[in-house]
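Chains, contacts and geometry: an overview
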Amino acid sequence: MASMTEILILHGHLPIEYLDRVATEPAADESVVRELMARGAISSSQLARARAAQAGLPFVELADYPVDRAAVALIPGAICRRHTVLPIATADGMIVVAMADPGNVFAIDDVRAASRMNVAAAVAEESDLRSAIDRYIRADDELSDLTSTLEEETAPSEDTAVSESSDDDAPIVRFVNLLVSQAIQDHASDIHIEPAEHDVRVRYRIDGVLHAMQSAPKSIQNGVISRLKIMSDIDIAERRKPQDGRMSVVHGGRQIDLRVATLPTVWGEKVVMRILDNTNTGMTLTDLNLLERNFEIYRESYSKPYGMILVTGPTGSGKSTTLYTTLNAVARPEINVITVEDPVEYRMPGINQVQVNPKAGLTFASALRSILRSDPDVVLLGEIRDHETAQIAIEASLTGHLVLSTLHTNDAPSAVTRLTEMDIEPFLVGSALDCVVAQRLARRLCDRCKQPGAYAPEDLRRMRFPVPADDAPPAMFVPVGCPACSNTGYRGRIAVHEVMAVTEEIERLAVERASSAEIGRAAREQGMLTLREDGWEKVKLGLTSIEEILRVVA
């Protein structure tokens, strides 16, 4: 049998020099392959193809393969996850199973025992296989079984609750764990648990859009909410006022934090859980997809030793991600970075993070006043909410500190007028403010299934998108839908930006208390792209669709 290295050389993935090492030391084949993977000399896809060739088995790309859901149903999800295998088809009394390691005889034995069929193996790339397992082996069926069991076992009661010592196998506990686990697998940003008159509705926000998921019987409502409150260290006896908490779960070997908020409604307490995945903190500024002009302006601003940078936009528009990514770029061992947040969303190593606690008298203003005595170089302020906080932040930026913060405005020019409306002297706003970034999040087109599309020039004009003089619109793409994107046509999100540098002209307008419309006009004359124009550029780059830009930008 040919070695892995020989197969990789034969397929042109490696130079022939590697053959000498394996020829003199046959046992080194696996170590050579691991070394090559670590150095990035070969990809995981190339390795999977080589494994398939070595074993004489077919290689499958599961993102494009028409997986038979009836075959998937023959094997319990626990077996598939334990061995990283996925049934993809049945033929002639055999079950075809995609595997990352075709030599795993224990997996083949377990699949044979569970299906009572002979097993034919195929090889798939491991990351591709794990994504497919998440898509096809969902918690939905188990959740349905659990809700049926709970409905039979639990009589409607206002006192249904879960004690702190609840067994991990208790139905309510399993139901909550499955809800959270499935949301993380689906890359949801929020979980909404909403009591209704006759049931409890569960919705996941995926790529900015809410999707209805599992409904639960009304009888388990109090038990589910009490379980979530216990996990989040929230008072389970208080049902009359909103409460906030935080919980952590382990999923796929990673610890993931969730920010939990309760809200009393007419049918009971609604619970919203924001999933805080710390993988966002490893992003770089290039991952933000800023256009070249915007990137240069923004980089020039955060590279200065002092000044204020504001990121504006509604809740859920990616402001925190942009700020944390900027912190990643500026944080160095030789500078002192301190953040004041409510709450601390992502934990970052090497950065001093302060949690606001109004009950203890630690507000944004008091915390900011205190940390300015702690010799900071860079200060991140979670949000500017009132005059006192704005005043201290402005003064900090004028006394040699780089201040990063957020503000709730619809566009970049409005940030200047919002600060003056907070009774900040206009000349201080103009002097302190260096750059304002307004942003929105649009869904990114799925790279696997997007297709070229065309719009009539008159339709583009009606939607207020620029059309060339020759009426020949540029190439664009439209969503289609495939298994990789759950047939939505979109996978992931991309930010649309409006980056305004505060120039002398804009500073003069701020001092004159000009309106946001006048400031916006001056910024556009100086080359600022509006949110819609930035979105149009990203449509032309094939990153998103016109419909998405129209959905998120006025």
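Residues numbered from 1 in each chain as written. Predicted model: local features only at pLDDT ≥ 70, side-chain atom pairs only at ≥ 80, totals over all residues. Heavy atoms only, no water.

You'll find the protein chain entered in an unreviewed UniProt entry as Type IV pilus assembly protein PilB, with Leifsonia soli given as the organism. Quoted verbatim from the Sequence similarities (unreviewed entry) field of the UniProt record, the comment on the protein chain reads "Belongs to the GSP E family." (UniProt positions renumbered as here; feature names shortened; annotations may be inferred.)

A few words now on helix 8 (residues 126-136). Every buried residue of helix 8 is listed here: D128, L129, A132, I133, R135 and Y136. End-on view of helix 8: buried residues confined to an arc of 160°, all on one side of the axis. Elements that come into contact with the buried residues of helix 8 comprise helix 5 (69-72), helix 6 (77-83), strand 1 (85-91) and strand 2 (94-99). (Buried < 20%, exposed > 50% of the residue type's maximum accessible area, 1.4 Å probe, protein only. Helix = DSSP H or I, 4+ residues; strand = E, 2+ residues; numbered from the N terminus. Arc of directions from axis to C-beta. Contact = heavy atoms within 4.5 Å.)

With that settled, the discussion passes to the pattern of salt bridges. Summed over all chains, the structure comprises 27 salt bridges. Between E512 and R508 there is a salt bridge, with its nearest N and O atoms 2.8 Å apart. Residue classification places R508 among the partly exposed positions, given a relative accessible area of 38%. Linking K538 and D534 is a salt bridge whose minimum nitrogen-to-oxygen distance equals 2.9 Å. (Salt bridge = Lys/Arg side-chain N within 4 Å of Asp/Glu carboxyl O.)

Relative to the assigned elements, I297 resides in helix 12 (residues 292-302). The exposure class assigned to I297 is buried, which follows from its relative accessible area of 15%. When the C-alpha atoms of I297 and M500 are compared, they prove to be 8.1 Å apart, with 203 residues separating the residues in sequence. Setting aside chain neighbours within four positions, we find I297 in contact with C435, V499 and A501.

On to the nonpolar core. Counting 42 residues, the largest nonpolar core has M308, L310, I384, L419, L433 and M500 as the members making the most contacts within it. With residues near it in sequence (within four places) discarded, L433 still touches M308, L310, V416, L419 and V502. Counting 30 residues, the second largest nonpolar core, distinct from the first, contains I75, C80, I108 and M117. (Core = buried A, V, L, I, M, F, W, Y, C linked by side-chain atoms within 4.5 Å.)

Here we take up the UniProt feature "domain: Bacterial type II secretion system protein E" (unreviewed entry) in the protein chain. Here, UniProt's "domain: Bacterial type II secretion system protein E" (unreviewed entry) annotation points to residues 372-386. Between the end C-alpha atoms of residues 372-386 there is a gap of 18 Å, over a span that is 0% helix and 27% strand.

Moving on, we come to the sheet that holds strand 13 (residues 378-381). Across the sheet, 7 strands lie side by side as 12-11-13-14-10-15-18; this open sheet has mixed pairing. The sheet terminates laterally at strand 12 (352-355) and strand 18 (490-501), the two strands that pair on one side only. The average undirected angle you get between the axes of adjacent strands in this sheet is 20°. When strand 15 (residues 433-445) meets strand 18, the two strands line up antiparallel, connected through 10 bridges. Looking at strand 18, one finds that A442 is bridged to I494. Running at roughly 170° to strand 11 (residues 337-341), helix 14 (residues 364-371) makes contact with strand 11, strand 12 and strand 13 of the sheet. (Pairing = 2+ DSSP bridges. Axes fitted to C-alpha atoms, helices over the stretch in contact; angles between N-to-C directions.)

All told, the structure shown has 2 aromatic pairs when counted by the stated rule. Centre to centre, the rings of Y298 and Y302 are 5.6 Å apart; their planes meet at 70°, and the pair counts as edge-to-face. Residue Y298 and its partner Y302 are both found in helix 12; the two are separated by 4 residues, about one turn of the helix. One exposure class covers both Y298 and Y302, and it is buried. Each ring, one from F465 and one from W536, has its centre 4.9 Å from the other, and the planes form 35°; the classification is tilted. In this pair, F465 sits in the loop between helix 18 (457-462) and strand 17 (476-478) while W536 sits in helix 21 (residues 531-540), placing the two residues 71 residues apart along the sequence. (Phe/Tyr/Trp six-rings, centres within 6.5 Å; stacked < 30°, edge-to-face > 60°.)

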